Structures are given as structure tokens and as C-alpha cells.
Amino acid sequence: MPDTVVNLVDSPALGVLIGIAGVMAALTVNVLFLVWLERKVSAWIQRRMGPTEVGPFGMLQTIADMLKLISKQLITPRHVDKPLYHIAPVFVFVPVVAAASLFPFDEHVSLQNLDIGLVLVFAFGGLGIVGIFMAGWGSNNKYALLGAMRAVAQNISYEIPLILSTLSVVLMVNAMGDANTNGMNLAQVASMQHDKGFWFVLVQPVAAVIYFIAALAETNRAPFDIPEAESELVAGFHTEYSGMRFALFFFAEYSNMFIVAMVATVLFFGGWSGPLLPGAMWFFLKTYAIVFVMIWIRWTFPRLRFDQLMSFCWLVLIPLSILNLLVTAFIARAV
Amino acid sequence: MGGMTGLLMALAVAGALLAVSLKNVLHAIFGLAVTLLAVAGLFVVLGSPFVGTMQVLIYVGGITVAMVFAVMLSTVVQTHQAESPWRRAGAAFVAVGFAVGVGLVIIGAGLPKGLAPALIEDAWSVRQLGTSLLGDYNVVFEVLSVVLLLAIIGAIVISRREEDVVTPAPAAAVEETHP
């Protein structure tokens, strides 16, 4: 793997450290931007102004907010389950950073170019759930526990259509490529779309739609934001967290949104491929466009009821994604 | 054996000790999660990142979460009841017997010493694993899926019976009034 940033420096440990620091810095700036974007877009949709005071268009507002969160006292409620309560934010935060380091930002630019990149992204996504549950349980608060229970049920259910929908793309890439092609390698999926000259959303529209819906649910975004439904659960699993600990949850949430958007960009929208502009520009333009749609949906649709959420997943999305996978397999075999 | 392997092995043992010694069931489950993560790390160090990833995806992200979920749905989390010495002795007997049995099988199998076989290039790649799973070990693979199917059916049977007792007919009527 000569084309990865980690391998540019001589010492592997140093490379990994530089990579982690870089990813964390990039994610932090990105979260600050996304929070600002979310507030602005929601304001536009509701005919408000949004943040205007700090910096041009209020862009520095989130930096001020972050400084406030950093400087706040960390309050630990008296009857929390201390070990779980303290580990939970870390457990939510670390997998996000790890998953974010797996993407090909440009033709030969990625921190890690792994053959199992796609599976690894989902594996790290699954780890985050454990952290969410630790938080909900450790808080010793009924709203937090209810939020965590909902989050766990929702996440393990929607993980199935999420993975099945991406699997049909993997299958297709393997069928289209030669013996050395690996559909689970994110860089190869992107470059295959570049070589073939079309985006996979055109040949896998069903998978793309299923993926997008499941991704909304995986990131607990509206209309699937039941784990932290403000009107019934205060703030869900992070009710008892304040200051920087709360900020870590917030960070993970927005970064997760960005990660699922990056997966969608790579799998369905050609990754870095695009005319004129440099590849990385295209990659981030597409990713932010998908994130924008996610924000748009949040401020447009009302929240689902929990039973609706579960039955929609098990009765509609999972059968549909299995059907899509089967059809893809048959076509891949026939062609 | 590199320092990394030693560290991961120590982590795995520490997590396992936590899992069996902690009184709170949830703490024990998270101890188990540490063990499973460390084992995943061992797989990666031994040259099979794919199996390691699957370990994280299935065991940490799936099994642990399912166990946590089961605990969540039951009412008793912390047991304070004293266990009878006989039960402890029985458990110790089973545990030691199992460890000795597995040890004997491993020694008897005559596995090659060292880490070399797993580190052969591509021996554990996704493609190789897939080919052998659906080729040489096809029957085992299918039997495993039947076992999983049985587990699912069992879960449905258990939950159905409770549902019939707890919620009688009115649920459907509510559904009709609020379409």
C-alpha cells in the first residue's frame, strides 16, 4: 500500500499518530461546520435567521459554543454507575474517529486503503451502540435508559438493511471487475465507477434508497430520532451528560452523519470521480450535498412512532433489500 | 510473540476475569466485550484482519448488544443471593474440566508451533475464506445457518407466548381508530 498517508513516514507508529491527529482535527472542524449548517438550514426552512452575531453569517457561533463547552464544569450526578458513565463518551467517540480514517478522499489519497474497508466502517458503527447503551444505563435515569433501549433496538434492526443494501453494490463490483477486484475496498469501488463512467446509484437505485433510509435511522436522525425524542425523553441517552462529555456525544453524532454520507458518496455517487475540479473537492461536495439532504429531511418530516419504525424496517426494508440482493446476484450471474 | 500480542492477550484475560468476577451483570457483559475486542485484535495481529473485523461486527456489535438487550428486558440485574458451595464446586468442576479437555484436544491435534501458517500471504483473505466456506466447508456452513434459524424460531415462540398473555385483543382496535 504505497499510496496511503500512513505509509509516507518511515515509522508506522508515527504515521498512525499523525493520521489520528489529522482525522480528529478534520472531524472537529467538520462538526463545527455541520452544526452551523444545521442551524442555518433549519432557520431557512422555518423562516428564521439562525445564528447571525458571531462572525460572518454567524459562522463563528459554533466555535464560541465549543469554547463554552470546553470551559464548563463537568457535573457527575451522584447515583450514576461511575465506571460506565465515565467510559461511555469515549466508547462512542473512538469508533467514529477510527471509521473516518478509512475513506479514499481522492484517487490515491486515503489514510488507510484496506481490502475490508466497508466491513470495518460498519464494525466501528456497531461499536458505537455499545457506548450509547453504557451511557443510557450508567446515567441511572429512566429517560436515559429508555432512550438507550430505543437506540439499541433501532440500531440493530436498521443495521441489517444497511449492510444488505451495500452488499448488492459489493456483489456488482466483484461481478464487473476481474479476479483481483474487491468490492469491499472503498477505493476500488470509487475507481470502478470512475472507469466505467457511471455512478452506481443509476444501476442500484433501490439499494441507494434503502441505504439512505437505513443510514438516517442508524445516525438517529429525524424522522427516526426516537432515541432522543425531546418531547418525551428530555434528551435520551445523554440526558445526564454536560460540558465536554456531552460535546463528545454531539461530536460522534454529527461525525456519524458525515461518515454514512461518505459511504454513500463512495458506493453510489462515484467517490472522488468528477470533471474539472480536483477529486477531493468532488468527494466533499458530494458528501456535504448528502448531509444537506439529511438536514433538510430532519426539518421537514415529523417523527415516526416506535412501532411504525420497527415494522417499517422488518416488514418493508429488510425483505426489499434481500430481494434487491437476490436480483443483483441473478443479473451478475447472467451477465 | 511481539509486544502487541502480549498486550492483547493480557487484555483478553483481564476482560474475562472482570466478566466472571463482577457482581453487576452489565459490568460483566462489558468485561466480556473487552475480551472479545482483544481477541479481535489478536486476529488482526495474527494476519487476518477480516476475521478480526467480523469478530468486532458480530460479537461486540451483535452478541454483546443482544445480551445487554436481554438484561434490559429482564428485571433483576444485580443478584445478592448467596450461592450454595455445592453449586460453586460444580461450576468450578465444569470450568476446569472444559479447560483441560480443550487443552488436550489442542495438544493432541498436533498444530504446528509458532504463528507462521496464518501469516502466509492471502491464506486468510476474504476471497479464500469465502471459497472455503462455500466450498469445502459448505455442509458446516449450512448446518450453522439451520442452528441460527432454530434460535430465531425459538425466540419468536417465547416472545409470542408472553405477548398473548400480556396484551389481549384491544391492541388491534386502537390501531383502527388511529390509522
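Per chain, residue numbering runs from 1 following the sequence as it is written. Whichever chain is written first becomes A and whichever ligand is written first becomes 1, with later ones labelled in order. Side-chain atom pairs in this predicted model are given and counted only at pLDDT of 80 or more, local residue features only at pLDDT of at least 70, and totals for whole chains, interfaces and linings cover all residues. As a convention, hydrogens and water are excluded, and side-chain values are obtained from all of the structure's heavy atoms.

Caption draft 1: Broad picture of the overall build of chain A. Segments assigned H or I by DSSP are reported as helices when at least four residues long, segments assigned E as strands when at least two residues long, and all are numbered from the N terminus. Looking only at helices and strands, chain A features twelve helices and two strands. Expressed as a percentage of its 335 residues, the buried residues of chain A come to 52%. By definition in these notes, contact holds between two residues if any of their heavy atoms fall within 4.5 Å. Relative to all contacts within chain A whose residues are 6 or more apart in sequence, the contacts with residues 24 or more apart total 74%. When the accessible surface of chain A is split by element, carbon and sulfur atoms take 71% of a total near 15,000 Å². For the exposure calls, accessible area comes from a 1.4 Å probe over protein chains only, and a residue counts as buried if that area is under 20% of its type's maximum, exposed if over 50%, partly exposed in between. Here the Shrake-Rupley method, with its probe set to 1.4 Å, supplies the accessible areas, and only the displayed protein chains count as covering residues.

Caption draft 2: Seen up close, the environment of Val44(B). All names here are of chain B. As for its placement among the helices and strands, valine 44 is situated in helix α2 (residues 25-45). Sequence-wise, valine 44 and threonine 5 are 39 residues apart; in three dimensions their C-alpha atoms are separated by 9.8 Å. With residues near it in sequence (within four places) discarded, valine 44 still touches Pro49 and Gly52.

Caption draft 3: Broad picture of the interface of chain B and chain A. Taken together, the contacts link 22 residues of chain B with 28 residues of chain A. We define buried area as the total accessible area lost by two parts upon association, computed with a 1.4 Å probe and summed across both. Between chain B and chain A the total buried area reaches about 2,100 Å² when both faces are included, carbon and sulfur atoms providing 82% of it. Looking at the side of chain B facing chain A, the largest losses of area belong to Phe30(B), Leu57(B) and Met72(B), adding up to 26% of the total buried there. Between Lys or Arg on one side and Asp or Glu on the other, a salt bridge is scored when a side-chain nitrogen of the former is within 4 Å of a carboxyl oxygen of the latter. Run the count over chain B and chain A and you get zero salt bridges. Pairs of N or O atoms are called polar contacts if they sit within 3.5 Å, as long as, within protein, a hydrogen donor faces a hydrogen acceptor (for residues adjacent in sequence, only side-chain-to-side-chain pairs). Summed over the shared surface of chain B and chain A, the result is zero residue pairs in polar contact (both at pLDDT 80 or more). Elements with a minimum of two residues in the side of chain B that touches chain A: α2, α3 (49-73) and α5 (126-134) of chain B. No other element matches the 13 residues that α3(B) contributes to the side of chain B that touches chain A. Classifying every residue of the side of chain B that touches chain A by side-chain character gives 16 nonpolar, four polar and two charged. Only Asp, Glu, Lys and Arg are considered charged in this grouping, and only Ala, Val, Leu, Ile, Met, Phe, Trp, Tyr, Cys and Pro are considered nonpolar; every other residue, Gly among them, is considered polar.

Caption draft 4: Structural context of unusual backbone geometry. All names here are of chain A. Although it is not a glycine, arginine 47 sits at a positive phi angle of roughly 55°. For arginine 47, the location among the structural elements is in the loop between α1 (12-45) and α2 (61-71). Take arginine 47: its relative accessible area is 80%, and that puts it in the exposed class.

Caption draft 5: A look at the pattern of salt bridges. Residues and elements named next belong to chain A. Across all of its chains, the model carries two salt bridges over all chains by this definition. The partner of glutamate 38 in a salt bridge is arginine 298, with the nearest N and O atoms 3.4 Å apart. Here glutamate 38, found in helix α1, pairs with arginine 298, found in helix α11 (residues 279-298); they are 260 residues apart in sequence, far enough to count as distant. Judged by its relative accessible area of 3%, glutamate 38 is buried. The partly exposed category is assigned to arginine 298, whose relative accessible area is 21%.

Caption draft 6: Geometry of helix α10 (residues 243-268) of chain A. Helix length check: α10(A), at 26 residues, gives a terminal C-alpha distance of 38 Å against a target of 38 Å (1.5 Å per residue), a fit within 8%. Gly270(A) lies just past α10(A) and shows a positive phi near 80°. By this rule the span expected of a helix is its residue count minus one, scaled by 1.5 Å.

Caption draft 7: Layout of the packing of helix α4 (residues 117-138) of chain A against α10(A). Residue and element names in this part refer to chain A. In contact at an axis separation of 12 Å, α4 and α10 are set at 160° when each is read in the N-to-C sense. Taken together, the axes of α4 and α10 are roughly antiparallel relative to one another. Regarding α4 and α10, the two cross each other, and that crossing is left-handed. Across the interface between the two elements, Leu118, Val121 and Ala135 of α4 pack against Phe249, Ile259, Val263 and Leu267 of α10. Across the contact of α4 with α10, the residue classes break down as seven nonpolar, no polar and no charged. For helices, the fitted line uses only the C-alpha atoms of the stretch in contact; every axis is such a line through C-alpha atoms, and the angle between N-to-C directions lies from 0 to 180 degrees. An angle counts as roughly parallel when it lies under 35 degrees, as roughly antiparallel when it exceeds 145, as roughly perpendicular when it falls between 65 and 115, and as oblique in every other case. Should the near helix be turned counterclockwise from the far one by less than a right angle, the crossing is left-handed, whereas a clockwise turn marks it as right-handed.

Caption draft 8: Layout of empty space enclosed by the protein. Residues and elements named next belong to chain A. With a 1 Å grid spanning the protein atoms alone, the term cavity applies to any set of points in which a 1.4 Å probe fits but cannot get out, the term pocket to an open set with protein on both sides within 12 Å along at least five of seven lines, and the term lining residue to any residue with an atom within 4 Å of a point. Grid points are joined across faces, edges and corners, and a volume is the space filled by probe spheres set on the points. Counted by the stated rule, this structure contains four cavities of 30 Å³ or more. Roughly 370 Å³ of internal volume is contained in the largest cavity. Along its surface, the largest cavity is lined by 24 residues, and Gly125, Ile129, Glu218, Thr219 and Asn256 are the ones closest to its centre. Within the residue set of the lining of the largest cavity, elements represented by two or more residues are α3 (82-100), α4, α5 (142-176) and α10.

Caption draft 9: Layout of the nonpolar core. Among the nonpolar cores identified, the biggest contains 107 residues, and Phe103(A), Phe133(A), Tyr158(A), Tyr211(A), Ile259(A), Phe268(A) and Phe30(B) are the most heavily contacted of them. When residues of this core are assigned to their parent elements, the largest contribution, 15 residues, is made by α10(A). Throughout this description, the term nonpolar core refers to a set of buried Ala, Val, Leu, Ile, Met, Phe, Trp, Tyr and Cys residues connected via side-chain atoms within 4.5 Å.

Caption draft 10: Quick peek at the confidence of the model for chain B. Values of pLDDT, the confidence the predictor places in each residue, fall between 0 and 100. Looking at chain B as a whole, the pLDDT averages 76, with 74% of positions reaching at least 70. Confidence, expressed as mean pLDDT per element, reaches its minimum in chain B at helix α7 (residues 170-177) of chain B with 44 and its maximum at helix α4 (residues 85-108) of chain B with 87.

Caption draft 11: Main features of the side chain of Lys286(A). Tracing the backbone shows Lys286(A) in helix α11. Once residues lying within four places of it in the same chain are set aside, the contact partners of Lys286(A) are Trp199(A), Thr265(A), Phe269(A), Gly270(A), Gly271(A), Trp272(A) and Ser273(A).

Caption draft 12: Representation of the packing of aromatic side chains. Residue and element names in this part refer to chain A. When two rings of Phe, Tyr or Trp (its six-membered ring) have centres within 6.5 Å they constitute a pair, described as stacked for plane angles under 30 degrees, edge-to-face for angles over 60, and tilted for the intermediate range. What the rule picks out here adds up to 14 aromatic pairs over all chains. Centre to centre, the rings of phenylalanine 33 and tryptophan 36 are 5.8 Å apart; their planes meet at 35°, and the pair counts as tilted. With phenylalanine 33 and tryptophan 36 both in helix α1, this residue pair falls three residues apart, about one helical turn. A relative accessible area of 30% places phenylalanine 33 in the partly exposed class. Measuring from centroid to centroid gives 5.8 Å for tyrosine 211 and phenylalanine 268, while their planes differ by 50°, and the two rings are tilted. Placement of the pair is tyrosine 211 in helix α8 (residues 205-218) and phenylalanine 268 in helix α10, with a sequence separation of 57 residues. Phenylalanine 268 shares its class with tyrosine 211; the two are buried. Through a chain of ring-to-ring contacts, three or more aromatic side chains come together here, namely Phe33, Trp36, Phe258, Phe283, Phe284 and Tyr288.

Caption draft 13: Region of the structure containing the environment of Ala21(A). All names here are of chain A. By secondary structure assignment, the location of alanine 21 is in helix α1. Residue classification places alanine 21 among the partly exposed residues on the basis of a relative accessible area of 46%. Measuring from C-alpha to C-alpha, the distance between alanine 21 and valine 97 comes to 9.5 Å, with 76 residues separating the pair along the chain.

Caption draft 14: Layout of the environment of Met24(A). Residue and element names in this part refer to chain A. Among the secondary structure elements, methionine 24 is positioned in helix α1. Here the alpha-carbon distance between methionine 24 and valine 97, two residues 73 residues apart in the chain, equals 6.4 Å. Sequence-distant contacts of methionine 24, defined by excluding residues within four places in its chain, comprise Phe93 and Val97.

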